[in-house]
Amino acid sequence: VQLVESGGGMVQPGGALRLSCAASGFTISSYAMSWVRQAPGKGPEWVSGINTGGGSTYYADSVKGRFTISRDNAKNTVYLQMNSLKPEDTAVYYCAAGTPDSYYSNKYDYWGQGTQVTVSS
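Quick caveat, the model's predicted, so the values are computed rather than measured.

About the criteria used
Residues numbered from 1 in each chain as written. Predicted model: local features only at pLDDT ≥ 70, side-chain atom pairs only at ≥ 80, totals over all residues. Heavy atoms only, no water. Disulfide = S-S within 2.5 Å. Helix = DSSP H or I, 4+ residues; strand = E, 2+ residues; numbered from the N terminus. Buried < 20%, exposed > 50% of the residue type's maximum accessible area, 1.4 Å probe, protein only. Pairing = 2+ DSSP bridges. Axes fitted to C-alpha atoms, helices over the stretch in contact; angles between N-to-C directions. Salt bridge = Lys/Arg side-chain N within 4 Å of Asp/Glu carboxyl O. Core = buried A, V, L, I, M, F, W, Y, C linked by side-chain atoms within 4.5 Å. Contact = heavy atoms within 4.5 Å.

Turning next to the state of the cysteines. Applying the stated criterion across every chain yields a total of one disulfide. A disulfide bridge connects Cys21 with Cys95, and the sulfur atoms are separated by 1.8 Å. Here Cys21 and Cys95 share a disulfide; its torsion about the S-S bond, 45°, makes the bridge right-handed. Taken as a pair, Cys21 in strand β3 (residues 17–24) and Cys95 in strand β9 (residues 91–98) lie far apart in primary sequence, 74 residues in all. For Cys21, a relative accessible area of 1% puts it in the buried group. Classification of Cys95 as buried rests on a relative accessible area of 0%.

As structure tokens, this is what we get:
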């Protein structure tokens, strides 16, 4: 069972990145999926969630209007489109598989290894 994130990197403020999270060993269609980030010296911060079918999406206030979560169950992959990036978005971004309760509890069945996003001029 594995979740593998990709697409991170360094970008200037105002720039954009698209993160991908590919699952193997299990089917994401049974799971609500989330993106969680952790900045240096800080605790985990839930960023966004999407229900099993993709029809409902949820965002932290800090990213609302700038980030878009989506999923392709046929490809067993979840995405996070990040626009208008700010220096405070700098963090390691993790994808995680769980339930809608996971958005609040931070308890997930599976976690990825994370991908670094750095926003700096």
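What follows concerns the sheet that holds strand β8 (residues 77–82). Note: strands within a sheet are paired through backbone hydrogen bonds, in either parallel or antiparallel orientation. Overall, antiparallel pairing links the four strands, which are arranged β1-β3-β8-β7 in an open sheet. Each edge of the open sheet is held by one strand with a lone partner, namely β1 (2–6) and β7 (67–72). Taken over all neighbouring pairs, the strand axes of this sheet differ in orientation by 15° on average, direction set aside.

Before going further, it helps to spend a moment on the pattern of salt bridges. According to the stated counting rule, one finds four salt bridges in the structure shown. Salt-bridge contacts for Lys64 lead to Asp61; the nearest nitrogen and oxygen are separated by 3.2 Å. The closest approach of N and O atoms between Arg66 and Asp89, which form a salt bridge, is 2.7 Å. Of this pair, Arg66 sits in the loop between β6 (57–59) and β7 while Asp89 sits in the loop between β8 and β9; the two residues are 23 residues apart in sequence, bridging distant segments of the chain. The network of salt bridges with shared partners includes Arg37, Glu45, Arg66 and Asp89.

All right, on to the nonpolar core then. Where a protein is soluble and globular, its nonpolar side chains tend to be buried together. In terms of nonpolar packing, the biggest core is built from 35 residues, with Leu3, Met33, Trp35, Phe67, Leu80, Met82 and Tyr93 touching the most fellow members. Secondary structure elements with two or more residues in this core: β3, β4 (32–38), β5 (44–50), β7, β8, β9 and β11 (115–119). Residue contributions to this core peak at five residues, all from β9. Once you skip the residues sitting within four places of it in the chain, Met33 turns out to touch Leu3, Ile28, Ser48, Gly49, Ile50, Ile69, Arg71, Val78, Ala96, Ala97 and Tyr103.

Next up on the list: the environment of Val78. Along the polypeptide, Val78 turns up in strand β8. For the pair Val78 and Leu19, spaced 59 residues apart in sequence, the C-alpha to C-alpha distance is 8.3 Å. With sequence-adjacent residues up to four places away left out, Val78 is seen in contact with Leu19, Ser20, Cys21, Ile28, Met33, Trp35, Ile69, Ser70 and Arg71.

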